[in-house]
Amino acid sequence: MSAADTTTPVKVPPPRQAPPPPADERPRAGRPSGGSAVPWLLLAPCLLILVLVMGYPLARLVTLSFQKFGQSQLWGFQPAESVGFDNFAKVLGDGEFWTVVVRTIVFAAGAVVFTMVAGMAIALLLQRVSGWLKVLINIVLVASWGMPVIVATTVFKWLFDSDYGVFNALLSKLPGVEMIGHNWFASGPEGLAVIMLLVVWGAVPFVVITLSAGLTQVPKELEEAARLDGAGSWGVFRYVTLPVLKPIIVMLTTLSVIWDMGVFPQVFVMRNGHPEPEFQVLNTYSYDRAFVVNDYAQGSAIALITVLLLLGVVAVYMRQMLKIGDVE
């Protein structure tokens, strides 16, 4: 018999369990957590302000779009009459309205494309410049972004003036080009191109700053690995940079579409408060019907249709963001 067989096994005492908590401290089933109400309490002031600032005007807009409301109703000489969908039928059956819709979509699409392309190009270039130059460019971008729209529009009116415009003078210095006295607003396409350039100029700084922040999140290891695999600059940008920036690009594109579809002061001020028919976009057209023709109901119907179009853009944005979230 070995020593191991004669050794008496030692009994290990069972682990001591903690005493159960008192009955009043035990979590009760079905009791809602107090922390779930904190976010709503923090959001309550903002939601209240949104309801007060946007809720009533939107409700009034919807009400007017289903009524007959002109100057007689505005001054109280006649009561407002409910006309159902007559205002929408008149608007949707008007060929001029659809011309304005197409013009607005083309204008917004061009502005968004130029904004995103220019913003991405400048953001990529900022990654290759020295530190002091990057700071200087960012200061210029913020200054231009913070410039009031009225001031920027006045500057562009001077730049493209037919008699004293700097742009015409610079173009005239090119061999065989004579632009002195050229009126950019004599035709709708040229005038809208100038206004589009103004919109792009005001939107590019925000896009550049946002994309520059996104570029700092691109892993350098992935870029180096792509270069070692033989990818060039375009390959690295296409297969590494773009996938990382996709959520930001989707967000910026959607915001740009909403802003450019709702452009108003640039067109209104550039045309001295009276946009010609070939310069009309949805917002100025709605304003013209309401405050120039004095048909407030039809102007409200056009504005409501514009809101519905923008809600469609927001729905597409939310769908894209949900797809990106599922992939991640």
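Criteria and cut-off values
Residues numbered from 1 in each chain as written. Predicted model: local features only at pLDDT ≥ 70, side-chain atom pairs only at ≥ 80, totals over all residues. Heavy atoms only, no water. Helix = DSSP H or I, 4+ residues; strand = E, 2+ residues; numbered from the N terminus. Contact = heavy atoms within 4.5 Å. Areas by Shrake-Rupley, 256 points an atom, 1.4 Å probe, with all protein chains shown as cover. Axes fitted to C-alpha atoms, helices over the stretch in contact; angles between N-to-C directions. Parallel < 35°, antiparallel > 145°, perpendicular 65-115°, else oblique. Left-handed = near helix turned anticlockwise from the far one by under 90°. Nonpolar A, V, L, I, M, F, W, Y, C, P; charged D, E, K, R; others polar. pLDDT = per-residue confidence, 0-100. Phe/Tyr/Trp six-rings, centres within 6.5 Å; stacked < 30°, edge-to-face > 60°. Buried < 20%, exposed > 50% of the residue type's maximum accessible area, 1.4 Å probe, protein only. Lys NZ or Arg CZ within 6 Å of the ring centre and 35° of its normal. Expected span 1.5 Å × (residues − 1). Bend = angle between axes of the 7 residues up to and from the residue. Salt bridge = Lys/Arg side-chain N within 4 Å of Asp/Glu carboxyl O.

Some remarks on the overall build of the chain
For the chain, the count of helices and strands is 14 helices and two strands. Within the chain, residue pairs in contact and separated by at least 24 positions form 63% of the contacts whose partners lie at least 6 positions apart. For the chain, the accessible area works out to roughly 20,900 Å², and carbon and sulfur atoms hold 69% of it.

Re the packing of helix α5 (residues 95-126) against helix α9 (residues 188-215)
How two helices sit against one another is set out by the angle between their axes and by the gap between those axes. Following both chains from N to C, one finds α5 and α9 inclined at 40 degrees, their axes separated by 7 Å at the closest point. When the axis of α5 is compared with that of α9, the two are oblique. Considering how the two elements wind past one another, α5 and α9 form a crossing that is right-handed. Of the residues belonging to the contact of α5 with α9, the class tally is 21 nonpolar, four polar and one charged.

Describing the confidence of the model for the chain
On average, the chain scores 84 in pLDDT, and the residues at 70 or more come to 88%. This stretch, residues 1-7, has a pLDDT under 50; its non-local contacts, to residues over four places away or in other chains, come to one contact.

Quick look at the packing of aromatic side chains
The description of two aromatic rings rests on the distance between their centres and on the angle between their planes. Throughout the structure, instances matching the rule amount to 19 aromatic pairs. Ring geometry for Phe185 versus Phe279: centroids 6.3 Å apart, planes at 40 degrees, classification tilted. One end of the pair, Phe185, is in the loop between α8 (166-172) and α9; the other, Phe279, is in the loop between α12 (265-270) and α13 (282-292), and 94 residues separate them in sequence. A residue is classified by how much of its surface remains accessible, and Phe185, at 13% relative accessible area, is buried. Note on Phe279: relative accessible area 0%, which makes it buried. Plain terms: the ring middles of Phe291 and Tyr296 are 5.8 Å apart, the flat faces sit at 75 degrees to each other, and that makes the pair edge-to-face. Residue class for Phe291 comes out exposed when judged on its relative accessible area of 51%. Using a relative accessible area of 13% as the deciding quantity, one classes Tyr296 as buried. Among the aromatic residues, those joined into a ring-pair cluster are Phe69, Phe264, Phe268, Tyr287, Phe291 and Tyr296. A cation over a ring is seen here: Arg271 above Phe279, with NZ or CZ 5.0 Å from the ring centre.

Remarks on the environment of Leu125
Mapped onto the elements, Leu125 comes out in helix α5. The exposed category is assigned to Leu125, whose relative accessible area is 55%. Once the C-alpha coordinates of Leu125 and Ser212 are considered, the two residues, 87 residues apart in sequence, prove to be 9.6 Å apart.

A short note on α13
Those residues of α13 not exposed but buried are Leu282, Thr284, Tyr285, Ser286, Arg289 and Ala290. At the exit of α13 stands Asn294, carrying a positive phi of roughly 65 degrees.

Section: helix α11 (residues 233-261)
Here α11 is 29 residues long, yet its end C-alpha atoms lie only 34 Å apart, well below the 42 Å a rise of 1.5 Å per residue gives. The largest bend along α11 measures about 60 degrees and falls at Lys246, with the proline Pro247 one to four residues further on.

Here we look at the pattern of salt bridges
This model, assessed by the stated rule, comprises two salt bridges. Between Arg227 and Glu224 there is a salt bridge, with the nearest N and O atoms lying 3.8 Å from each other. Placement of both Arg227 and Glu224 in helix α10 (residues 220-228) is noted, with a separation of three residues, approximately one turn of the helix. Classification of Arg227 as partly exposed rests on a relative accessible area of 43%. With a shortest N-O distance of 2.8 Å, Arg271 and Glu276 are connected by a salt bridge. Classification of Glu276 as partly exposed rests on a relative accessible area of 25%.

Section: the packing of helix α7 (residues 149-159) against α9
Between α7 and α9, the shortest axis-to-axis distance is 11 Å and the interhelical angle comes to 135 degrees. Between α7 and α9, the crossing angle belongs to the class labelled oblique. Two packed elements cross with a definite hand, and for α7 against α9 that hand is right-handed. Residues Ala152, Thr153 and Phe156 of α7 pack against Val194, Leu197, Leu198 and Trp201 of α9.

Some points on the side chain of Gln266
Following the sequence through the fold, Gln266 ends up in helix α12. Under the relative-accessibility criterion, Gln266 is labelled buried at 13%. Not counting the four nearest positions on each side in its chain, Gln266 is found in contact with Val149, Thr153, Ile195, Leu198 and Val199.

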